[in-house]
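Residue-level listing of the chains:
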Amino acid sequence: MIANGLVPVEPPGKAVFLNFPYDQQFVPLYLAYIAGVCSYQLIPRVALEVPGGQRRLDRIIELILGCRYSFHDLSRVELDLRRPRTPRMNMPFELGLTVMASYQNPKEHTWCVFEKDYRRVLKSLGDLAGSDVYSHGGRPKGVLRQIANALVLENRRPEMKQLLAVHQYLTKLLPRTLQARGAKSCYEASVFKDLVYAAQRAVKTVLGT
Amino acid sequence: MRKRQPIVIKGGFLSDDEVARMLGISRRRQKELDRITEEYFREQRQHLSKWNTPRKGRDDRKRPRAR
């Protein structure tokens, strides 16, 4: 699948669509999602990889449909501080798209919702009552712990200290990557791709595989 | 809340080349990231082995003595 200039999503069984906010406060959790997902032999994909333009929505849908799993972090669904102050609806919107896609093909897509506190979801998105919500407490270690709860590997179980070692490495690597890419934000596609590649490389080193 | 059923991931890791191709990372950048990663974890191992060495085996003389 390379239509619309997207990087092909293959093999689909290994791709996870990550849906989270792109803000400075979220950076430690952003790195934790990359470290956690890569530790479970999966490759994270994000809407950041999709260039802007008229057909951005089509491409996001295409990316979601190309992923076997998706993780949606709703912990920062709140009013944006910049004027005009509006609620941040991208995350619930992309979750809605995913839920619809998974209803059409239940065997081809599995989604998980992550929140700081699961009670927040019950209030902000009551339609999800009865669904799994993983509470991470707003901390990187919480994200790693909940990814370990959501995923199980057939042949081994990564230890928390290994997951933390990968996260620590990404934290160290980030300034260097920003400099190498001449990027102002870690939420640029090139930086994200570098971090994902480095994370899966680090996981193999840490696990000795 | 219903009981959670974890997702079982089958199969092994994708090779580095497969991941690089999937992400659209150039061969040159891939090599650079490989080198940085190796270097970091080699330093980590050295750091850990230094502090895991029994006190008797350490060469403490290299440190300046307190006067």
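In what follows, the structure referred to is the one given above.
Residues numbered from 1 in each chain as written. Chains lettered and ligands numbered in written order. Predicted model: local features only at pLDDT ≥ 70, side-chain atom pairs only at ≥ 80, totals over all residues.

S.K.: Would you mind going over helix α7 (residues 189–207) of chain A in detail, with residue names and values included?
M.R.: Think of an α-helix as turning once every 3.6 residues; residues three or four places apart then point the same way. Across its 19 residues, α7(A) extends 27 Å between first and last C-alpha, which sits within 8% of the 27 Å expected from 1.5 Å per residue. Counted residue by residue, α7(A) has 15 buried out of 19 residues, so it is predominantly covered. (Helix = DSSP H or I, 4+ residues; strand = E, 2+ residues; numbered from the N terminus. Expected span 1.5 Å × (residues − 1). Buried ≥ 20, exposed ≤ 12 C-beta atoms within 10 Å, placed from the backbone.)

S.K.: Describe in detail the nonpolar core, supporting the description with residues and values.
M.R.: Residues and elements named next belong to chain A. Ranked by internal contacts, the top residues of the largest apolar core, which has 61 residues, are Val16, Tyr33, Ile34, Ala35, Val166, Leu170 and Ala199. It is α7 that provides the largest number of residues to this core, a total of 10 residues. Beyond its immediate chain neighbours, meaning those up to four positions away, Val166 contacts Ala35, Cys38, Ser39, Ala199, Ala202, Val203 and Val206. (Core = buried A, V, L, I, M, F, W, Y, C linked by C-beta atoms within 7 Å. Contact = placed C-beta atoms within 7 Å.)

S.K.: Can you break down the sheet that holds strand β4 (residues 110–115) of chain A residue by residue, with the values?
M.R.: All names here are of chain A. The 5 strands lie next to each other as β2-β1-β3-β4-β5, forming an open sheet whose pairing is parallel. Two strands lie at the open edges of the sheet, namely β2 (43–46) and β5 (133–135), each paired on one side alone. Between one strand and the next, the sheet's axes are offset by a mean angle of 30 degrees, whatever the strand orientation. (Pairing = 2+ DSSP bridges. Axes fitted to C-alpha atoms, helices over the stretch in contact; angles between N-to-C directions.)

S.K.: Outline the interface of chain B and chain A, supporting the account with residue identities and numerical values.
M.R.: Listed by partner, the interface residues are 25 residues for chain B and 31 residues for chain A. Those elements giving two or more residues to the side of chain B that touches chain A turn out to be β1 (7–9), α1 (16–23) and α2 (27–52) of chain B. Element by element, the count of residues in the side of chain B that touches chain A is highest for α2(B), at 7 residues. As paired elements, strand β6 (residues 151–153) of chain A and β1(B) share 3 bridges and run parallel to each other. Opposite A:Leu153, over in β1(B), you have B:Ile9 as the bridge partner.

Everything listed here is a matter of geometry and, on its own, says nothing about what the molecule does.
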